[in-house]
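Topology and contacts: notes
For reference, the chains in residue letters:
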There are 2 protein chains.
Amino acid sequence: MQLFSMPSSGNSYKVRLLLALLGRTVPITDVEAKTDALAQAKAEGRLPFGKAPVLILDDGTALAESNAILHHLGQGTRFIPVDPVSQAQMLSWMFWEQNTHEGVIAVRSALLCYPHRRAQATPERLADLLEAGIAILQIMETHLSGRDWLVGTAPSLADLSLYAYTHSAETRGGFDLSRFPAICAWLARVEELPGYVGLDD
Amino acid sequence: MQLFSMPSSGNSYKVRLLLALLGRTVPITDVEAKTDALAQAKAEGRLPFGKAPVLILDDGTALAESNAILHHLGQGTRFIPVDPVSQAQMLSWMFWEQNTHEGVIAVRSALLCYPHRRAQATPERLADLLEAGIAILQIMETHLSGRDWLVGTAPSLADLSLYAYTHSAETRGGFDLSRFPAICAWLARVEELPGYVGLDD
């Protein structure tokens, strides 16, 4: 296997985090935005949807989409719950992460952090994303109040998926996480998992 | 089981389409945007992320996110391929649908069709979505050229998921599908599946 990973991206980080928690090592090719390495991987047809992460499987299949990679690597591990309803709820959070959370929290972070995105970072857009992001974080806060993990009583792929862009929502995205104590406690629980690595590790 | 469904929404339609193809009947409560039925379902806490579709399972669990519902209802049926790599590729297309396709194709359609969205339908935004949507449809066109289905040799949940907003991309979203003959042939194949129902059926 081989992982094409964008070092600064939460989507790529999810995969590196799961591999670390599983104690697995996979060769990694970095393809940061706006670099020759990314252009080359695209030109070679390695990135089916033109973006990272992509996991090249042992049979040569190029598997795109961070949460599909998590789901594939997670098969048979402790990060996928056993019962079908919990599995469905885990996928529900993961689709919500890609459909709702990432398009707001990660996009606001990208507008603030990536020089090539700054032209799009108008005050009006940043204000809209701040308002939408607070509503999104409130959904997580309400759900996590009185719960340790998003689904059931153990960490699952849903937690790893949502952790990626939530843990940097304040430092990169400008969201005040002190308003969300249940989220902060949950972030700390993820960081205590054996084998945990940070985004920049 | 009970399905909360937004009649005009492609995300809700996906679920109705799968149920029809499986020959299953589930009681449906319509919760169209901006109606009392939607407000009531939200107030009662029936919609975990504040939107439809939501499937209420037999144990009372409210399962949100269209593709998570498809995945749950699809377990053990012919719409989930048997081998793990094909399953991973199916989920990859489904996450791409929610992360990339829906945020462009469905959003352009919504801006053009829903009166309460028209204020956001500026010429610049519609032009940006048109350009992005053509690039997205081209990814599907390239992949479907020489293939009958998105994954493997049989229809899967990936096809049903992508069909929902692609089949109305021209009539609702203003995309010229005649430029994408492989997509048009694939849409026709979905429509020939036994039990098929249309969005407005």
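In this text the structure is predicted, and so the values were computed from the model without any measurement.

Moving on, we come to the overall build of chain A. Looking only at helices and strands, one finds seven helices and four strands in chain A. In terms of C-alpha radius of gyration, chain A reaches 17 Å, essentially the compact-globule figure of 17 Å for 201 residues. Expressed along its principal axes, the backbone C-alpha trace of chain A runs to roughly 45 × 45 × 25 Å. Summarising the internal contacts of chain A: among those between residues at least 6 apart in sequence, 69% fall at separations of at least 24. Approximately 8400 Å² of chain A is accessible, and the part contributed by carbon and sulfur atoms is 52%. Within chain A, one finds 16 positive and 22 negative side-chain charges whose respective centroids are separated by 3 Å.

Turning next to the sheet that holds strand β3 (residues 54-56) of chain A. Residue and element names in this part refer to chain A. The four strands are arranged β2-β1-β3-β4 in an open sheet whose pairing can be described as mixed. Each of the sheet's edge strands pairs with one partner strand only, and the pair in question is β2 (28-30) and β4 (62-64). Strand after strand, the sheet turns through a mean of 20° between neighbouring axes, direction not considered. In this sheet, β4 lies alongside β3 in antiparallel orientation, the contact comprising three bridges. Looking across to β4, one finds that Leu55 is bridged to Leu63. Lying over the sheet, helix α3 (residues 66-74) contacts β3 and β4, oriented at roughly 115° with respect to β4.

A separate point is the pairing of strand β1 (residues 2-5) of chain B. Residues and elements named next belong to chain B. Of the strand pairs in this sheet, β1 and strand β3 (residues 54-56) are connected by three bridges, and their pairing is antiparallel. Considered in β3, the bridge of Gln2 is made with Ile56. With three bridges connecting them, β1 and strand β2 (residues 28-30) associate as parallel partners. Residue Leu3 lies in a different strand from β2, and its bridge partner there is Ile28.

As a further point, take the relation of the copies chain B and chain A. There are two copies of the chain, and a rotation about an axis plus a shift along that axis relates them. Rotating chain B by 180° about the axis while translating it 0.0 Å along that axis superimposes it on chain A, leaving an RMSD of 0.0 Å. In short, the pair behaves as if placed about a two-fold rotation axis. Looking at the rotation axis and the C-alpha trace of chain B, the residue lying nearest is Asn99(B), at 2.6 Å. Mapped onto chain A, 100% of the interface residues of chain B are again interface residues, and the two copies thus contact each other with one and the same surface.

Attention now moves to the domain arrangement of chain A. Residues and elements named next belong to chain A. In terms of domain boundaries, chain A breaks down into domain 1 (2-74) and domain 2 (84-191). For domain 1 versus domain 2, the distance between C-alpha centres works out to 21 Å. Each partner contributes to the interface: domain 1 provides 17 residues, whereas domain 2 provides 16 residues. Its largest share of buried area at the contact with domain 2, domain 1 owes to Lys14, Asn67 and His71, together 30% of the area lost on that side. For the interface between domain 1 and domain 2, the tally reads one salt bridge. Between Lys14 and Glu97 there is a salt bridge, with the nearest N and O atoms lying 2.9 Å from each other. The tally of links from domain 1 across to domain 2 stands at 10 residue pairs in polar contact (both at pLDDT 80 or more). Breaking the side of domain 1 that touches domain 2 down by element, the ones donating at least two residues are α1 (10-21) and α3.

Thresholds applied
- Note on numbering: residues in each chain are counted from 1, in written sequence order.
- Going through the entries in the order they are written, you letter the chains from A and number the ligands from 1.
- Local features in this predicted model are restricted to residues of pLDDT 70 or higher, and side-chain atom pairs are both shown and tallied only at a pLDDT of 80 or more, whereas totals for entire chains, interfaces and linings draw on every residue.
- Side-chain figures throughout are based on the complete set of non-hydrogen atoms in the structure, without hydrogens or water.
- In this text, helices come from DSSP runs of H or I with a minimum length of four residues, and strands from runs of E with a minimum of two, each type numbered from the N-terminal end.
- Radius of gyration here uses only the C-alpha atoms, and the compact-globule reference equals 2.2 Å multiplied by the residue count raised to the power 0.38.
- Should any heavy atoms of two residues lie within 4.5 Å, those residues are considered in contact.
- Note on areas: these come from Shrake-Rupley sampling with a 1.4 Å probe, and a residue is covered only by the protein chains present in the view.
- The positive count covers Lys and Arg only, the negative count covers Asp and Glu only, and His and the chain ends enter neither.
- Here the site of a charge means NZ on Lys, CZ on Arg, CG on Asp, or CD on Glu.
- Only when DSSP finds a minimum of two bridges between them are two strands counted as paired.
- Helix axes are fitted to C-alpha atoms over the stretch in contact, other axes to C-alpha atoms as well, and angles between N-to-C directions run from 0 to 180 degrees.
- Our superposition of the copies is a least-squares fit, built on the C-alpha atoms of residues whose pLDDT is at least 70 in both.
- Note that domain bounds follow an automatic or database assignment of domains.
- Simply put, the buried area is the total loss of 1.4 Å probe accessible area from both parts when two parts are fitted together.
- Salt bridge, as used here, is a side-chain nitrogen of Lys or Arg placed within 4 Å of a carboxyl oxygen of Asp or Glu.
- Pairs of N or O atoms within 3.5 Å make up the polar contacts considered here, provided that, within protein, one atom can donate a hydrogen while the other can accept it, and that residues adjacent in sequence are counted only when both atoms are side-chain atoms.

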